[in-house]
There are 2 protein chains.
Amino acid sequence: MQIVTLDQIRSMISMPEAIEAVRQSFIDVSNGLIDQPEPMQILFHDDANELVGDCHAKAARSKDKPYFTIKIATGFYRNPERGLPPNDGMVLVLSSSTGRPVALLQDEGWLTQMRTAAAGALAASLKATGSNGSLGVVGTGTQARLQALAIRESTGLNRLSVLGRHKNKIDGYINDMEQLGFSVTGAANAKALCEHSDIVVTTTPSTSAVLHAADLKYPLHIIGMGADSPGKTELAPDLFGAADIIATDNHAQCLQHGDFGVAVRAGSVEETADRSFCDILAGKAPDLDFEDARLSIVDLTGLGAQDLALASAVVSKLNLN
Amino acid sequence: MQIVTLDQIRSMISMPEAIEAVRQSFIDVSNGLIDQPEPMQILFHDDANELVGDCHAKAARSKDKPYFTIKIATGFYRNPERGLPPNDGMVLVLSSSTGRPVALLQDEGWLTQMRTAAAGALAASLKATGSNGSLGVVGTGTQARLQALAIRESTGLNRLSVLGRHKNKIDGYINDMEQLGFSVTGAANAKALCEHSDIVVTTTPSTSAVLHAADLKYPLHIIGMGADSPGKTELAPDLFGAADIIATDNHAQCLQHGDFGVAVRAGSVEETADRSFCDILAGKAPDLDFEDARLSIVDLTGLGAQDLALASAVVSKLNLN
């Protein structure tokens, strides 16, 4: 088994490559090529029963590929207080014909971050904004940065508005993103963020909604990224009730783990109201018009197929003998 | 993250240690100390749709332990034809307070084999046979050997009867086990196996039943070990119909993945007919009398808690700084 370090992995995968690999993985899902068991997760709570961490394992096998993957990703939200990054993890690549481990990608969560950003870029590209478009970002962490970079790659937009809870983190975000060539403003609240944005992406591990229907201006295209476990939520149920288009990366998983499920359980939207993001990318939903939609929401919880796509891209560059 | 090789792991865990660690893990499950998400599995079929391999991922966290584990185990049944062992895998040990990977146990499936054998030993010990007892083993692979060793450890019995499909494998099994001090005979069929046995353990990846009620002599104590995925089965439904006691390591998992579920779906036994093997080991089922039972069955599908138990035993012997 070849062990591949984060530095090596970073040098192997660019954002445009990640976006294209992830696009193909969603299309493969739509075409029935991918076997993805239900993800496994463990949640961690502190003594006051507050959610402080999660660990996900996601697996995928493609009928098209010689390898399958099991991806492990952790998020422990208080790690930064201890000087540790919040995310960690690895991807194990195994042979689909012998079950033997082929490679261990010690990505420390980086491939998960990249494939998540790539999915956001694909979701954003459904709404043409042009280079004058503006992106609202809720959150100031790693994914808040990567989403901006990935969405600039897919849409060309360069203007950011950011909403966070801590002034020092907002200042850090603005500073970092300006250095990457973005024009960035801080938003005073969710309403101000929406006012300035064509697309909003939410990237927090919040356990209560950060965006409500009362915050909206129309048209708006929302990408919900952070809520991927029961207990986490970012988009209030009334947003789903107000949406013309709801897309989910996986219907069952978004029902169980995503904001869509929260809205369904709140009675704000029918369980059948969502369309498959994979089918949309595969060109199988020509009736959907994101351009004309007043409010469109893409709820993303992350698929094993995305992990398999990026791991396969890494493995294709290894000399495995 | 410390990487621990199979040779190192083997030198750290003896069979008696494995049995005691696994016993405690079942008791911990009974006492509600263990968080075990539903396992993840991928099944592999050949072009004729025959099951040729499986991959399981099982996770567990204990309220008592600083680490949690994700165990990956593969079984690819045709590997021996290619000169490869059928089983492989690894155990990832992570911190429950930061999510950081602490150790990767490259056990190549050995810890899974050991904890599975240990569970068999604990199941066998419910039926006191004394050193004159005889064990019937269905299967001739690694687990068929480890079960005999583990059950000798827990019961003292030394006589084996073995049932296999291939003469060369049966001869190899008899030879190897005689060298380990067992008295071994080959059984012509399942009926002859039961005739010579107080306890029967089944250790195959069979997809059709290898043992039926018509094969039995009474009393008999059966341990079903091999069937741990939908599609695999060893114990015919009529065995469960004839049993005085049915124990399962996990009710839901045995319903979905084990022979117990096959029997329930066949209508041979009520879904509520099983008792918790964990509760039995924890002394919470004093009403059950295995000694007086004509037919008792323990259906084992394997718990993440067992993996956590052995991984914790290994990690406790590492110098992690």
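Throughout this description, residue numbers start from 1 for each chain and increase along the sequence as written. Written order decides the labels, with chains lettered from A and ligands numbered from 1. Only residues with pLDDT of at least 70 are given local features in this predicted model, and only at 80 or more are side-chain atom pairs given and counted; all residues enter the totals for whole chains, interfaces and linings. Values reported for side chains reflect all heavy atoms of the structure, with hydrogen atoms and water molecules removed beforehand.

The name recorded for chain A in an unreviewed UniProt entry is Ornithine cyclodeaminase family protein, from Roseibium porphyridii. Listed under Sequence similarities (unreviewed entry) in UniProt, the entry text for chain A is "Belongs to the ornithine cyclodeaminase/mu-crystallin family." UniProt positions are given in the numbering used here, feature names are shortened, and annotations may be inferred rather than shown by experiment.

Right, let's talk about the relation of the copies chain A and chain B for a bit. Alignment of copies: least-squares fit on C-alpha atoms of residues with pLDDT of at least 70 in both copies. Once chain A has been moved 0.0 Å along the axis and rotated by 180 degrees, it coincides with chain B to within an RMSD of 0.0 Å. On the angle and the small slide along the axis, the relation comes out as a two-fold axis. Across chain A, the smallest distance between a C-alpha and the rotation axis is recorded for Met 40 of chain A, namely 3.2 Å. Residue contacts are defined here by distance: any two heavy atoms, one from each residue, within 4.5 Å place the two residues in contact. A shared interface surface links the copies, since 100% of the contact residues of chain A are contact residues in chain B too.

The way it works is that DSSP assigns letters per residue, a run of H or I at least four long becomes a helix, a run of E at least two long becomes a strand, and they are numbered from the N terminus. The residue Lys 232 of chain A is located in the loop between strand E12 (220–224) and helix H7 (237–242) in this model. Here a polar contact is taken to be a pair of N or O atoms separated by no more than 3.5 Å, where protein atoms must pair a possible hydrogen donor with a possible acceptor and residues adjacent in sequence count only if both atoms sit in side chains. Among the polar contacts listed, one links the side chain of Lys 232 of chain A to the side chain of Asp 54 of chain A, at a separation of 3.1 Å.

So, about the pairing of strand E9 (residues 159–163) of chain A. Residues and elements named next belong to chain A. For E9, a buried count of four out of five residues is recorded, marking the element as mostly surrounded by other parts of the structure. The pairing of strand E8 (residues 134–138) with E9 spans five bridges and is parallel. Within E9, the position partnered with Ser 134 by the bridge is Arg 159. For crossovers, right-handed means that the path from the first strand over the helix to the second runs clockwise, given strands pointing away from the viewer. In this fold, the crossover linking E8 to E9 by way of helix H4 (residues 142–155) has right-handed handedness. Taking the sense of rotation as the criterion, the β-α-β connection linking E9, helix H5 (residues 167–179) and strand E10 (residues 183–186) turns out right-handed. Burial here depends on accessible area, computed with a 1.4 Å probe over protein chains only, as a share of the maximum for the residue type. Under 20% is buried, over 50% is exposed, and the range in between is partly exposed. Paired strands are those between which DSSP finds at least two bridges.

A few words on the pattern of salt bridges. In a structure, side chains of opposite charge can pair up when their charged atoms sit close to one another. Residue and element names in this part refer to chain A. Salt bridges are defined by distance alone: a side-chain nitrogen of Lys or Arg within 4 Å of a carboxyl oxygen of Asp or Glu. For the structure shown, the criterion picks out 22 salt bridges over all chains. Linking Asp 307 and Lys 71 is a salt bridge whose minimum nitrogen-to-oxygen distance equals 2.9 Å. Of this pair, Asp 307 sits in helix H11 (residues 304–315) while Lys 71 sits in strand E5 (residues 67–76), placing them 236 residues apart in sequence. A single burial state applies to Asp 307 and to Lys 71, both of which are buried.

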